[in-house]
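# Commentary on secondary and tertiary structure
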Amino acid sequence: MNNTDLTRFKDTGTLYLSAPEAAELVRRLGLPHCLAHMAEHIRTDFLRWADFDKSARTAAHSKDGVIELMPVADDHRYSFKYVNGHPGNTRLGLSTVMAFGVLADVDTGAPLFLSELTLTTALRTAAMSALAAQTLARPESRVMALIGNGAQSEFQALAFQHLVGITTLRVFDVDPAASAKLVANLQGSGLHITVCQNTAEAASGADIVTTVTADKTMALILTPDMIEPGMHLNAVGGDCPGKTELHGDILDAAKVFVEYEPQSRVEGEIQHKPADFAVNELWRVLRGERAGRDSAEQVTVFDSVGFALEDFSALRFMMDSAVRLGMGERMALIPQLSDPKNLFGSLNLVTPAALRQQSNCIAA
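Since we're looking at a predicted model, the values are computed, not measured. (Residues numbered from 1 in each chain as written. Predicted model: local features only at pLDDT ≥ 70, side-chain atom pairs only at ≥ 80, totals over all residues. Heavy atoms only, no water.)

### Considering the overall build of the protein chain
- When you go through the protein chain residue by residue, the secondary structure sums to 12 helices and 17 strands.
- By principal-axis analysis of the C-alpha atoms, the protein chain measures approximately 90 × 45 × 45 Å.
- Evaluated residue by residue, the protein chain yields a buried proportion of 51% over its 364 residues.
- For the protein chain, the accessible surface area stands at approximately 16300 Å², while carbon and sulfur atoms represent 55% of it.
- Counting 31 positive and 43 negative side-chain charges, the protein chain places the averaged centre of each group 4 Å from the other. (Helix = DSSP H or I, 4+ residues; strand = E, 2+ residues; numbered from the N terminus. Buried < 20%, exposed > 50% of the residue type's maximum accessible area, 1.4 Å probe, protein only. Areas by Shrake-Rupley, 256 points an atom, 1.4 Å probe, with all protein chains shown as cover. Lys, Arg positive; Asp, Glu negative; His and termini not counted. Charge placed at Lys NZ, Arg CZ, Asp CG, Glu CD.)

Right under this line is the structure:
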């Protein structure tokens, strides 16, 4: 535990990083810097996988979406993320995904850091995708198909450009306006972008295919006829029960990697596969305990659903960066008591005797 963080909390309260301040933090540090360092934080924490108390997220599903809590902890810090996924939100002027999170001291339970996690989740998801591709894709991969051009797409594109070496994007979305938005946002990035008419056209000739669609359906975004030898598939959009993107035959023919198997069995592309369907947890590959890609011709799949440890890593990065830059504000999220055993005293009510006198006056 960083004692300095606890001292700051006792002196000035919880550090709060708002959505505008998080965006300013990324602007000040630079997006490539944030993606690279967030990926490195994730790698570092995955390498000490056994140190963490892990569980699948707790989800409340409705016909329109899902709200989830994602906790994880080691011996020093605890974190959780509140996050939703409501594909219809954009019709209401809301984001499909909205999130916030807390990083706390395990020894005392003190909430050290409260932060927006909507932007941060987009960054950490892209960083996680790039880390997996660094580990699993062919090193010479330079062309990526990006299927689904919504809120996550630019982050994926830039993470793969700066961390993996992608130079060319082949993009497709069922909504042409989404692709136009992506092209406009990535002007000046140095990426060569081709807007395609369908998924098959986008996937043709790609080294990596990233699917990041939003509809909560058992979809078949990619089918076996679109898959070429040596491809790496980064399946991001399928992340809850009843929501997938890949045809099952693709999984049967590929080597599949997941974050946390108990969660992926319920939420990931493998949710419709039998319990004995073989998968590999990525942390084992990072630690050298399992092989990644076995050959240049092998198709690999990263069945990404998002795991709480990635948010733990992201919160660490955001808090450390905010402190270093002097950003965020201190807030009294928890009462600061001169006598920790006297919570009632924080109300500053008048004495019981005075209350009785007031009652007598009212009665008279």
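After that view, the rundown keeps rolling.
### Structural notes on the sheet that holds strand β17 (residues 329-331)
- With mixed pairing, 7 strands are arranged side by side in an open sheet as β2-β3-β4-β5-β6-β1-β17. Edge strands, defined here as strands with exactly one partner in the open sheet, are β2 (58-61) and β17. Taking the axes of each pair of neighbouring strands and ignoring which way they run, one obtains an average angle of 15 degrees across the sheet.
- Sheet topology places β2 next to strand β3 (residues 66-73); 4 bridges connect them, and they run antiparallel. Its bridge partner lying in β3, T58 is registered against L69.
- Seen against the sheet, helix α11 (residues 308-325) touches β1 (14-17), β3, β4 (77-85), β5 (99-105) and β6 (111-116) and runs at an angle of roughly 110 degrees to β4. (Pairing = 2+ DSSP bridges. Axes fitted to C-alpha atoms, helices over the stretch in contact; angles between N-to-C directions. Contact = heavy atoms within 4.5 Å.)

### What about the pairing of strand β9 (residues 192-195)?
- By the bridge criterion, 4 bridges tie strand β8 (residues 168-172) to β9 in an arrangement that is parallel. In the sheet register, T168 faces β9, and the bridge partner there is H192.

### Some words on the pairing of strand β16 (residues 300-303)
- The two faces of β16 match: T300 and F302 on one face and V301 and D303 on the other face are all buried.
- Bridge count for strand β12 (residues 232-235) against β16 is 4 bridges, and the pairing is parallel. Following the sheet pairing, N234 is matched in β16 by F302.
- In this sheet, β16 lies alongside strand β14 (residues 255-258) in parallel orientation, the contact comprising 4 bridges. Bridge assignment links F257 to a residue of β16, and that residue is F302.

### Comments concerning a nonpolar patch on the surface
- Together, L92, L94 and M98 make up a nonpolar patch on the protein surface, roughly 280 Å² of accessible area in all.
- Tracing the backbone through its elements, the reader meets L92 in the loop between β4 and β5. (Patch = residues over 30% accessible without salt bridge, like charges linked within 9 Å, V, L, I, M, F, W, Y side chains within 5 Å. Salt bridge = Lys/Arg side-chain N within 4 Å of Asp/Glu carboxyl O.)

### Quick look at the nonpolar core
- One finds F46, F113, L169, I208, L282 and M318 to be the most contacted residues of the largest nonpolar core, which totals 72 residues.
- If one sorts the elements of this core by residue count, helix α4 (residues 118-136) sits on top with 10 residues.
- Aside from chain neighbours lying at most four places away, what touches L169 is M144, A157, L186, L191, H192, I193 and T194. (Core = buried A, V, L, I, M, F, W, Y, C linked by side-chain atoms within 4.5 Å.)

### Examining helix α1 (residues 3-12)
- Listed as buried for α1 are D5, L6 and F9. Down the axis of α1, the sector holding all buried residues measures 95 degrees, keeping them to one side. Residues N3 and D11 are exposed on α1 and point more than 90 degrees away from its buried face.
- Next to the buried residues of α1 lie β1, β4, β5, β6, α11 and β17.
- Positive phi appears at G13, one or two residues downstream of α1, with a value of about 100 degrees. (Arc of directions from axis to C-beta.)

### Let's talk about the environment of H86
- In this fold, H86 is placed in the loop between β4 and β5.
- Look at H86 and you get buried, because its relative accessible area is 15%.
- For the pair H86 and A214, spaced 128 residues apart in sequence, the C-alpha separation works out to 8.5 Å.
- Ignoring sequence-local partners within four residues, the contact set of H86 consists of S62, D64, G65, V66, I67 and T96.
- There is a polar contact of 3.0 Å between the side chain of H86 and the side chain of N84. (Polar contact = N/O pair within 3.5 Å; in protein donor to acceptor, adjacent residues only side chain to side chain.)

### Describing the side chain of N89
- Inspection of the secondary structure assignment puts N89 in the loop between β4 and β5.
- A residue is classified by how much of its surface remains accessible, and N89, at 9% relative accessible area, is buried.

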